Amino acid sequence: MNAKPQYTVAVRALCEFAAKSGDLDLRFTPAPSSQEGIAGHALVASRRGADYRAELSLSGQYQGLLVRGRADGYDPGRKRLEEVKTHRVALARMPANHRALHWAQLKVYGALLCASEGLTELDLALVYFDVVSEQETVLCERHSAAELQMFFEQLCERFQGWAERELDHRAARDQALNTLRFPHADFRQGQRPLAESVYKAAVSGRCLLAQAPTGIGKTVGTIFPLLKASPGQRLDKVFFLAAKTSGRAMALEALNKISRAAPEAPPLRVLELVARDKACEHPDKACHGESCPLAQGFYERLPAARLAAVSQPSGTLLDKAALRALALQHQVCPYYLSQELVRWADVVVGDYNYFFDLSAMLHGMSQEAGWRVALLVDEAHNLVERGRKMYSAELQQAKLRALKLDAPAVLKKPLDKLQRTWAALNKEAGEAQREYAVLEALPAKLLTALQLASAAITEYMSEHPTERDVALQDFYFEALHFTRLAELFGPHSLCDWQLSSQGLAKTSSTLCIRNVLPAEFLKPRLQAAHTAVLFSATLQPFAYFADLLGLPERSAWLEVEAPFSAEQLQVRVAQQVSTRYQHRRASLPALVALMGQQFQQAPGNYLAFFSSHDYLNEAADLFEREFPAITIWRQQRRMAESAQAEFLARLTESSQGIGFVVLGGSFSEGVDLPGKRLIGAFIATLGLPQLNPVNEQIRMRLDQLLGQGYDYAYLYPGLQKVVQAAGRVIRTVSDAGVVVLMDDRYAQPEIQALLPRWWRIERPS
Ligand code: SF4
C-alpha cells in the first residue's frame, strides 16, 4: 500500500507546469470567445464518423500521481486521437511554445489512451479550427505507445518532486491550522460571536452576512475561524476580497499577526494580488519577449522563481513588495508571477474583481481546477455598487468620432457604418427633444454594426500585433465588453441613451448597459464557493443585501452587538435644518452656526460631511467668514492617495479644526482616527442619491423587480453612507464624541430605525 496520499493533477495543469518554455507572450492575439470555442468543437465532432468518441475521459497513474483529463475526440476506426484548438489568427503567427504545449497535451492523452485500450501505436492529430472560415488545419503524427509512455513518464517525473512537496505542505499546513492559536490574549467584545458564526458557516457550507461594528477586530475575527475550519472542510484556498487597498492592507496585517501568534509560524502561503498597472516594472513596454526583458525567457526562469516563492520561511507574506523583490531577483514579471502563484497559495488577498467580475481570474481558475474555496468579502456593503459597475458597459460616441479621425484606412468603412447607425439612433431616441431615454430593447442595428466594427478591428490588430494604438485598443475592449453584456442582457439591466453634447451636425450620445440588480451575476459566484462570509459595519436591512447580492437561500445573518456604550456618543438631531435641495441655501446660516457653537463648546477635530463638493464649498466659505478663527480643511476633487494621507495626517491628538468632506467619499469609510484625532462628526444630509433620470429609472426597475423602489434606490444606500461616516467617531471603547445629524428628517422614527441600535438619540429640546 502506498503510504503517501495520491496527488491528482489535470493533464493541462501537468503540461503547463512541466512542458511550458520560452517567452511570456501576451501580444494581441484575438482568441475565439468561449461560445465560439464550444461551437467549433461541436462542429468538428459533427464532421466525424458515427463511432467518433468525443470528450473522452482518460486517466492514468504514475507512482503517486493520478493524471486525468478529457481528450477532445477519438476515432477508433482510424486509431486517431484528436486535440481540437479553435483560433482566429493565422496559424503561422502562433508562438512556437504554444504549439509545443498543444503537442505535449496530446501526447499525454495518447499515452493514457494507449495504456487503457492496449494499443501499440496511435495517430495523434492536432486539429486547428479557424472559427471565421470554419476550416480545419490538421497536423498528424504517428507515435508508438512506448514513445508516448516515455514522454508521459518524463513529464510526471518533472512534476513528481513538486507534487510531493505540495502534499507535504498541505499536511503540515493543515496540522498547524488545527492547533492554530488566536493571535490575542482574548477575544474582544463581539469578536467571539463573529468568529463562531464564521466557523459554523464554513462547517455547514453556507453563506453568512455579518454586520459587526468597527473596532471589534472583524478582519482577524473572520480570517482566524476560517483558517481553523479549513482542514476539516478540506478547503484548498481562502480568498480575502476587498473593495479598497486599505482592506487588503488590513487583511495582510491580520494574517501577519496570526502567523506570529502561533507557537510556530504555520506554513501558510499568503499572496497579495495587485493590478497589472501597479505591479508592472516596464510600463512603457508590451508583455512579450521582444519588448519586455521580464517576459523574455519567462518560462525558463519561472520554475526557480516559483520554487523560491514556496520556499520562503514560514510567516513570510508574499505581499506586493516581497513578490516584487523575488520576481526581480529571478528576472521574471512580478504580475505574471503572482498569477502563477495563485495555484500554489493558501490565502489570496485581492480586489473583489478577481472573483466577481465577468472574466474573474480567481473564479475561472477555481472552476477549472475544481478547488474548494472559501470567500471573505470585506466591507461587503460596497459589493452592490461594485457589482453593478462590473456588469455595466458604456460606449461614448465622442470616442468613436475621435477614433475615426486617425483610424487605419481599412477600418474607416466599418467605423463609418457604426457612426451612421448611431446617428440614426440619436434621431430616434432624441425625437421628443429628450436628453435621456431608456430604450425598450437593445438597439439591434447598432449592435450589428458594433460587432462588424469589432471583427474588423480584430482582424486589423491580429495582422499588426506589435502596433500599440491605445485609443483603438480601448475602444475595442469597451466594444467587446458591451457586446458581451448585450448577450447577457435581461430585466436585471437597463439600456439607456444619454445626450452628451449637441451641435448642428454633431450630436453625441452615450449608450449604456446599466446593471441594476447585480444579484443575477453574483449569486452563481457565491454559490460556487464552499462558504462565503460577507462582513461590514453596515449591512442592514438584511433583505436589501440578500436581494441585491443574490445571497443563496440558506444564507445566515448575524448582527454583532457593538461593544460601545450609548454614553460614549452624543447623537443630536438638528431639527431646525433642512438639507433638502430647495432649502439648502436658506438653511446654511443655521447649519454653520450650529457647527461653530459645537466647536466652541468642545474644541477638537471634527469632520463635516456634505453630499457634494459644491455644497461642501458653499458651507466652508460661509463658515470661514463666520468663524475665521477656527481652522478648516477641505477635501479637494480627485485627491490622490498621497494627498488623502496628508489630509488625514493633519488630524492629530493635539490639532483642532473641522475637515469639510464629501459623504460617501474617501474619508467616509476605512478611515481610522481614534482618540482625540476625531471627536465629532456633522452630517449635513441624509445621503440620498441625487434625484435624476438615471436614479429614477433604477428606482422604477427595482420597484418592478422587487417592489421596493424608493427604499432600495435611495433610502437604504443613503443611510448606509451616513452610518459609515458617523462610524469614524467612535473607534475604541475609550473614545468619546458627538454626532450631529443635520436635517429634520432624522427625527422620523422610520429613519431612526435604520441607525445603529446602540445610539441614544437625544430628543430635541
Ligand atoms: S513587467 Fe510589465 S510589460 Fe513586462 S511582462 Fe510584466 S506587465 Fe508586461
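Refer to the structure presented above.
Here the structure is a predicted model, which is why all the values come from computation and not from measurement.

Glancing now at the side chain of Lys237. Relative to the helices and strands, Lys237 resides in strand β8 (residues 237–242). At 5.8 Å, Asp346 is the nearest oppositely charged side chain to Lys237, a buried residue that forms no salt bridge. For Lys237, the side chain forms a polar contact with the main-chain oxygen of Val342, separated by 3.2 Å. Aside from chain neighbours lying at most four places away, what touches Lys237 is Val342, Arg343, Trp344, Ala345, Asp346, Trp371, Arg372, Val373 and Ala374.

Reading across the sheet, the 8 strands line up as β10-β9-β11-β8-β12-β17-β7-β18 and stay open at both edges, with parallel pairing between neighbours. Across the chains shown, the open sheet's two edge strands, defined by having one partner strand only, are β10 (317–318) and β18 (556–559). Bridge count between strand β7 (residues 207–211) and β18: 4 bridges; the pairing is parallel. Residue pairing in the sheet places Ala210 in a bridge with Leu558 of β18. Here helix α5 (residues 191–204) sits on the sheet and contacts β7, β17 (531–536) and β18; the angle it forms with β7, its principal contact strand, is near 170°.

Each pair of aromatic rings is reported with the distance of its centres and the angle of its planes. If you walk through the whole model with that rule in mind, you get 28 aromatic pairs. Aromatic side chains Tyr544 and Tyr716 sit 5.8 Å apart centroid to centroid with 85° between the ring planes, which places their arrangement in the edge-to-face category. Separated by 172 residues along the polypeptide, Tyr544 in helix α20 (residues 542–549) and Tyr716 in helix α25 (residues 709–726) bring together distant segments of the chain. In terms of burial, Tyr544 and Tyr716 fall into one category: buried. Between the NZ or CZ atom of Lys107 and the centre of the ring of Phe151, over which it lies, the distance is 5.1 Å. Across the ring face of Trp371, the terminal group of Lys237 is positioned such that the distance to the ring centre comes to 4.6 Å.

Strand order in the open sheet made by the 6 strands is β19-β24-β23-β20-β22-β21, with parallel pairing throughout. The open sheet is flanked by β19 (569–573) and β21 (632–634), the only strands paired with a single partner. Across this sheet, the average inter-strand angle for adjacent strands is 15°, counted without regard to direction. In this sheet, strand β22 (residues 657–662) lies alongside strand β20 (residues 605–610) in parallel orientation, the contact comprising 6 bridges. Pairing of Ala608 across the sheet is with Phe660, part of β22. Against the sheet, helix α21 (residues 584–601) makes contact with β19, β20, β22, β23 (680–683) and β24 (737–741), and its axis sits at roughly 165° relative to β20, the strand it touches most.

So, on to empty space enclosed by the protein. Within the structure shown, the criterion is met by 5 cavities of 30 Å³ or more. One number sums up the size of the largest cavity: a volume of about 110 Å³. Along its surface, the largest cavity is lined by 14 residues, and Cys280, Cys287, Cys292, Cys333 and Tyr336 are the ones closest to its centre. Here the lining of the largest cavity is composed, by residue class, of 10 nonpolar, 1 polar and 3 charged.

Before going further, it helps to examine the packing of helix α19 (residues 519–528) against α20. One can describe the packing of α19 onto α20 by two numbers: an axis separation of 7 Å at closest approach and a directional angle of 90°. Considering their axes alone, α19 and α20 lie roughly perpendicular with respect to each other. The residues of α20 that touch α19, namely those facing Ala519, Leu522, Lys523 and Leu526, are Asp547, Leu548 and Leu549. Each residue belonging to the contact of α19 with α20 can be placed in one class, and the counts come to 5 nonpolar, no polar and 2 charged.

Near the ligand the following residues occur: Leu24, Arg276, Cys280, Glu281, His282, Lys285, Cys287, Cys292 and Cys333. When atom positions are compared with the pocket grids, the ligand is found to occupy the largest cavity. Class assignment of the residues belonging to the shell around the ligand gives a composition of 5 nonpolar, 1 polar and 3 charged.

Looking now at the layout of surface pockets. The calculated volume of the second largest pocket comes to roughly 480 Å³. Contributing to the lining of the second largest pocket are 29 residues, with Gln211, Ala537, Val723, Pro756 and Trp758 lying nearest its centre. For the lining of the second largest pocket, the element with the highest residue contribution is α25, accounting for 6 residues. Across the lining of the second largest pocket, the residue classes break down as 18 nonpolar, 7 polar and 4 charged.

With respect to the helices and strands, the residue Gln397 is situated in helix α15 (residues 397–406). In this structure Gln397 comes out as buried when scored by relative accessible area, which is 0%. There is a polar contact of 2.9 Å between the side chain of Gln397 and the side chain of Asn426.

A word on the pairing of β19. In β19, alternate side chains face the same way, and those of Leu569, Val571 and Val573 are buried while those of Gln570 and Arg572 on the opposite face are not. Pairing between β19 and β24: 5 bridges, direction parallel. Bridge assignment links Val571 to a residue of β24, and that residue is Val739.

Quick look at the pairing of strand β3 (residues 65–75) now. Across the 11 residues that make up β3, a large majority, 8, are buried. Bridge count for strand β1 (residues 7–10) against β3 is 4 bridges, and the pairing is parallel. Paired with Ala10 across the two strands is Arg68, which belongs to β3. Two elements, strand β2 (residues 53–62) and β3, share 9 bridges in a ladder whose sense is antiparallel. By the bridge assignment, Gly60 is partnered in β3 with Val67. Hairpin geometry of β2 and β3 is characterised by an intervening segment of 2 residues between the two adjacent antiparallel strands and by a positive phi of about 50° at Gln63. Sheet analysis places β3 next to strand β4 (residues 80–87), joined by 3 bridges and oriented antiparallel. Counted as the bridge partner of Tyr74 is Leu81 from β4.

Turning our attention to unusual backbone geometry. Leave glycine aside and you will find that most residues have negative phi; peptide bonds, for their part, are mostly trans. Look at the link from Gln540 to Pro541: it is a cis peptide, with omega at -5°. If you trace the backbone, Pro541 turns up in the loop between β17 and α20. Positive phi values are uncommon outside glycine, yet Gln63 reaches one of about 50°. Structurally, Gln63 is set in the loop between β2 and β3. With relative accessibility at 52%, the residue Gln63 sits in the exposed group. Located in the positive-phi region is Arg638, a residue other than glycine, with phi close to 45°. Along the chain, Arg638 falls in the loop between β21 and α23 (641–649).

Cut-offs and rules
- Every chain is numbered on its own, with residues counted from 1 as its sequence reads.
- Local features in this predicted model are restricted to residues of pLDDT 70 or higher, and side-chain atom pairs are both shown and tallied only at a pLDDT of 80 or more, whereas totals for entire chains, interfaces and linings draw on every residue.
- Hydrogens and water are ignored here; the side-chain numbers use all heavy atoms of the structure.
- Where helices and strands are cited, they refer to DSSP runs of H or I of at least four residues and of E of at least two residues respectively, numbered from the N terminus.
- Each residue is placed in one exposure class: buried if its accessible area under a 1.4 Å probe, protein chains only, is under 20% of its type's maximum, exposed if it is over 50%, and partly exposed if it falls in between.
- Charge counting treats Lys and Arg as positive and Asp and Glu as negative, with His and both chain ends excluded.
- Salt bridges are identified by distance alone: a Lys or Arg side-chain nitrogen within 4 Å of an Asp or Glu carboxyl oxygen.
- N or O atoms within 3.5 Å of each other form a polar contact, as long as, within protein, one can give a hydrogen and the other can take it, and as long as residues adjacent in sequence are counted only when both atoms are side-chain atoms.
- The contact definition used throughout considers only heavy atoms, calling two residues in contact when any of these lie within 4.5 Å.
- Pairing between strands is defined by DSSP: at least two bridges between the two strands are required.
- Interaxial angles span 0 to 180 degrees and are taken between N-to-C directions of axes, which are lines fitted to C-alpha atoms, for helices over the stretch in contact.
- To pair, rings of Phe, Tyr and Trp, with the six-membered ring standing in for Trp, must have centres within 6.5 Å; the planes then decide the type, stacked if under 30 degrees apart, edge-to-face if over 60, and tilted in the middle.
- We call a charge positioned above a ring when the Lys NZ or Arg CZ atom is no farther than 6 Å from the ring centre and deviates by at most 35 degrees from the ring normal.
- Buriedness of a pocket was judged along seven lines, with at least five required to meet protein on both sides within 12 Å; pockets are open sets of points on a 1 Å grid over the protein atoms alone, cavities are sets where a 1.4 Å probe fits but cannot get out, and lining residues have an atom within 4 Å of a point.
- Grid points are joined across faces, edges and corners, and a volume is the space filled by probe spheres set on the points.
- Only Asp, Glu, Lys and Arg are considered charged in this grouping, and only Ala, Val, Leu, Ile, Met, Phe, Trp, Tyr, Cys and Pro are considered nonpolar; every other residue, Gly among them, is considered polar.
- Oblique is the label for any angle not covered by the other classes, which are roughly parallel (under 35 degrees), roughly antiparallel (over 145) and roughly perpendicular (65 to 115).
- The near set for a molecule or strand comprises every residue that places at least one heavy atom within 4 Å of it.
- Pocket occupancy is defined atom-wise: a molecule lies in a cavity or pocket when more than half of its atoms are within 2 Å of its grid points.

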